[in-house]
Amino acid sequence: MSHTSGVRQAQKQKTRQALLDAALVLLEDQSLSSLGLREVTRAVGVAPTAFYRHFRSTADLGVALVEEALGSLHPMIRATVSPDGGSEERIARAVELIAGHVAAHPAHVRFVARERHGGVRPVREAIREQLARFTGEVKDELAKDSVSAGWSEADLLMLAGLYVDQMLATASLFLEALEAPEGERRRAADHATRQMRLISVGRRHWLE
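What you see is a predicted model; the values in this text were computed from it and never measured.

Undergrad: Hey, could you go over the packing of helix α6 (residues 87-104) against helix α10 (residues 182-205) for me, with residue numbers and the actual values?
TA: At their nearest, the axes of α6 and α10 sit 10 Å apart, and the two run at 140° to each other. One finds that α6 runs oblique with respect to α10. Viewed along their axes, α6 and α10 form a crossing whose handedness is right-handed. Contacts between α6 and α10 pair Ser87, Glu88, Arg90, Ile91, Ala94, Val95 and Ile98 from the former with Ala189, Ala192, Thr193, Met196, Arg197, Ser200, Arg203 and Arg204 from the latter.

Undergrad: Mind laying out the environment of Asp145, listing which residues take part and the relevant values?
TA: Positionally, Asp145 belongs in the loop between α8 (121-143) and α9 (153-176). In this structure the C-alpha to C-alpha distance between Asp145 and Pro83, which are 62 residues apart in sequence, comes to 5.4 Å. Setting aside residues up to four positions removed in sequence, Asp145 forms contacts with Pro83, Arg90 and Arg203. Separated by 3.5 Å, the side chains of Asp145 and Arg203 make a polar contact.

Undergrad: Tell me about the packing of α6 against α9, and please be specific about residues and values.
TA: Interaxial distance between α6 and α9 falls to 9 Å at its minimum, and their mutual angle equals 50°. If you check the angle between α6 and α9, you find them oblique. In terms of crossing hand, the pair formed by α6 and α9 is right-handed. Facing α6, whose interface residues are Val95, Ile98, Ala99 and Val102, α9 presents Met167, Thr170, Ala171, Phe174 and Leu175. Here the contact of α6 with α9 is composed, by residue class, of 8 nonpolar, 1 polar and no charged.

Undergrad: Just give me the short version of the side chain of Gln130, but keep the residues and values in it.
TA: Along the polypeptide, Gln130 turns up in helix α8. According to the relative accessible area criterion, Gln130 is buried, its value standing at 6%. One polar contact links Gln130 to Glu67, side chain to side chain, over a distance of 3.0 Å. When neighbours within four sequence positions are excluded, Gln130 is seen to be in contact with Val66, Glu67, Leu70, Gly71 and His74.

Parameters at a glance
Residues numbered from 1 in each chain as written. Predicted model: local features only at pLDDT ≥ 70, side-chain atom pairs only at ≥ 80, totals over all residues. Heavy atoms only, no water. Axes fitted to C-alpha atoms, helices over the stretch in contact; angles between N-to-C directions. Helix = DSSP H or I, 4+ residues; strand = E, 2+ residues; numbered from the N terminus. Parallel < 35°, antiparallel > 145°, perpendicular 65-115°, else oblique. Left-handed = near helix turned anticlockwise from the far one by under 90°. Contact = heavy atoms within 4.5 Å. Polar contact = N/O pair within 3.5 Å; in protein donor to acceptor, adjacent residues only side chain to side chain. Nonpolar A, V, L, I, M, F, W, Y, C, P; charged D, E, K, R; others polar. Buried < 20%, exposed > 50% of the residue type's maximum accessible area, 1.4 Å probe, protein only.

If you want it as structure tokens, here you go:
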């Protein structure tokens, strides 16, 4: 690659990221279905035609935001149910990881929470595909645990789905408490811990 083409490619990537960042800010207060590409390009300071060098539509941009928001989380999701440590240690680790992620990436969490059931079909499908991947990966982690001995694949998948849904619910809980007083954030963490503990207790007695 020549120096000139390398610089051009870097600039293109920079503009693409700027469009994603600007869209994420604009989506703090509106849904993707109401977002106009002119809003996004105006925020970045490029012509509307420049948008199409990076995305086919705002739906395509939304799918890219889903990948940005969820694509890098697979190791973290697996870590929340890793068989390392006792049950209480794993629950504490899961709650801490989720709380930390929400604090670091609130806009991404808000975007996924809003668009999971939003009006843009390709984005809903992209979120669903990522969550299905999470569920499969969590199932594989759960299968390594001795507590899962004797479980059917279908039941492991069902349990994995419960954990993934609970992680999403926990993320939403922390998102709501993000700007709240410390006491409220602590209550949110306690509530999330109790919910995960309930799943864990049910898991231990499922085969009975």
